[in-house]
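Letter by letter, the chains look like this.
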Amino acid sequence: MAAFAEPHFSAWTQTVVSNVTVVDKVPAEMLHMVDAHWYQFPPMNPLWHSILGFAIFVLGVISIIGNGCVIYIFTNTKALRTPSNLLVVNLAFSDFLMMFTMAPPMVINCWHETWVFGPFACELYAMFGSLFGCASIWTMTMIAFDRYNVIVKGLSAKPMSNNGALLRILGIWAFALLWTLAPLFGWNRYVPEGNMTACGTDYLSQDFTSRSYILMYSGFVYYLPLFSIIYSYIYIIQAVSAHEKNMREQAKKMNVASLRSQEAQNTSTEMKLAKVALVTISLWFMAWTPYLVINYTGIFKAAPISPLATIWGSLFAKANAVYNPIVYGISHPKYRAALYQKFPSLSCQDNSDDGQSVASATTGVSEEKPAA
């Protein structure tokens, strides 16, 4: 029985591999961009394309509406137009553009079960995804530095001005553009991914140029922001803990339950806002780490990569653009109050207390200080 079954299975496998592959539906003009690695895989089950297309459609709608609201509320509410909140607007702008440019093409490609827009559009698609991802993480890094400046340095800190915020934003986009234009000029390249419905960096070529780009890019756009943020938050947590300890000791000496004056309440709020920023940044790294793992697996040949595996990298990375507006809506009372004021139908409760909060998600303390 086993002798009969084995040749039958082998023949079937050879037929699938030789006659039908995941590359079969790829347009002829795209074939020169497809790595030979993908020719060994049979076509993905159409159900996966349907699931991915639906998921990206839902994420795209949520992200565009959510980040659009953040941009609208922050730019049209005077109390929220602070220098530090320009970084929040830049983050929402980057996330908005991420899904505005990524979601529609991917949904259409999932319908056709392959990339249908040609080689140049594939390169643009991959470049935009990399550009907006890079801009988002470095914006979050600048937000962490702002938190560090306000909470750790306290009154000795020089508050960020509008010009200072705009200069940081300009630097973020210039830095991101520099890294993401490089593959268009020969340092690595943008190619279709294994699922053939999206495009990204070439992590399968083993030449020095391709591998060096992946390593350098991950160093400056993943590890450097990660360690910078960790550094900032270690000192933020230490500063807040020391302040809380001093408050408790003073209260004990004075025989009172608490010394929670307005200033102390503001400091408590600052700690909550620091936690919000940390959660937002953690979600970013959760979103992009699978994509980093896929890239490293490819350049180091650590394990075989299947077309199905590349779906999860794309899905997790794009889901990041949805997290931020949700976090703001839950934890940002001033933003929530302004949202209810402009869109009363969204309010399910009395929001009169929201206006009393000094919260400003990840950037609220700067509102307490005059801009330089």
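Note that the structure is a prediction, hence the values are computed from the model and not measured. (Residues numbered from 1 in each chain as written. Predicted model: local features only at pLDDT ≥ 70, side-chain atom pairs only at ≥ 80, totals over all residues. Heavy atoms only, no water.)

Further remarks concern the overall build of the protein chain. Helix and strand counts for the protein chain stand at nine helices and two strands. Starting at the N terminus and ending at the C terminus, the protein chain contains elements arranged as α-α-α-α-α-β-β-α-α-α-α. The long-range fraction of contacts in the protein chain, counting pairs at least 24 apart against all pairs at least 6 apart in sequence, stands at 77%. Accessible area for the protein chain stands at about 18,100 Å²; split by element, carbon and sulfur atoms hold 67% of it. (Helix = DSSP H or I, 4+ residues; strand = E, 2+ residues; numbered from the N terminus. Contact = heavy atoms within 4.5 Å. Areas by Shrake-Rupley, 256 points an atom, 1.4 Å probe, with all protein chains shown as cover.)

Backbone geometry at Asn-188 places phi at a positive 70 degrees, although glycine is not the residue there. Mapped onto the elements of the fold, Asn-188 is located in the loop between helix H5 (162-181) and strand E1 (190-192). One non-glycine residue, Met-196, lies in the positive phi region at around 65 degrees. One can find Met-196 in the loop between E1 and strand E2 (199-201).

Another point: the pattern of salt bridges. For side chains of opposite charge, pairing can occur when their charged atoms come near one another. Counted by the stated rule, this structure contains two salt bridges. Notably, a salt bridge pairs Lys-25 with Glu-113, separated by 2.8 Å at the nearest N-O pair. Placement of Lys-25 in the loop between helix H1 (2-19) and helix H2 (46-76) and of Glu-113 in the loop between helix H3 (85-112) and helix H4 (119-152) is noted, with a sequence separation of 88 residues between them. With its nearest N and O atoms 3.0 Å apart, the salt bridge here joins Asp-202 to Arg-189. Taken together, the residues Asp-202 in the loop between E2 and helix H6 (208-253) and Arg-189 in the loop between H5 and E1 connect sequence positions 13 residues apart. Judged by its relative accessible area of 28%, Arg-189 falls in the partly exposed class. (Salt bridge = Lys/Arg side-chain N within 4 Å of Asp/Glu carboxyl O. Buried < 20%, exposed > 50% of the residue type's maximum accessible area, 1.4 Å probe, protein only.)

With that out of the way, let us pick up the side chain of Asn-320. Here Asn-320 lies in helix H8 (residues 307-331). If sequence neighbours within four positions are ignored, Asn-320 has contacts with Asp-95, Leu-283, Trp-284, Ala-287 and Trp-288.

Turning next to the UniProt feature "transmembrane region" (unreviewed entry) in the protein chain. Here, the residues flagged by UniProt with the feature "transmembrane region" (unreviewed entry) are residues 47-74, 86-104, 124-145, 165-187, 214-237 and 276-294. Secondary structure within residues 124-145 divides into 100% helix and 0% strand; the distance between the first and last C-alpha atoms comes to 31 Å. Between the end C-alpha atoms of residues 165-187 there is a gap of 31 Å, over a span that is 74% helix and 0% strand. (UniProt positions renumbered as here; feature names shortened; annotations may be inferred.)

Bringing the state of the cysteines into the picture now. As enumerated under the stated definition, the model contains one disulfide in all. The side chain of Cys-122 participates in a disulfide bridge whose partner is Cys-199; the two sulfur atoms lie 2.0 Å from each other. Handedness of the Cys-122-Cys-199 disulfide follows from its S-S torsion of about -120 degrees: it is left-handed. One end of the pair, Cys-122, is in helix H4; the other, Cys-199, is in strand E2, and 77 residues separate them in sequence. Like Cys-122, the residue Cys-199 is buried in the burial classification. (Disulfide = S-S within 2.5 Å.)

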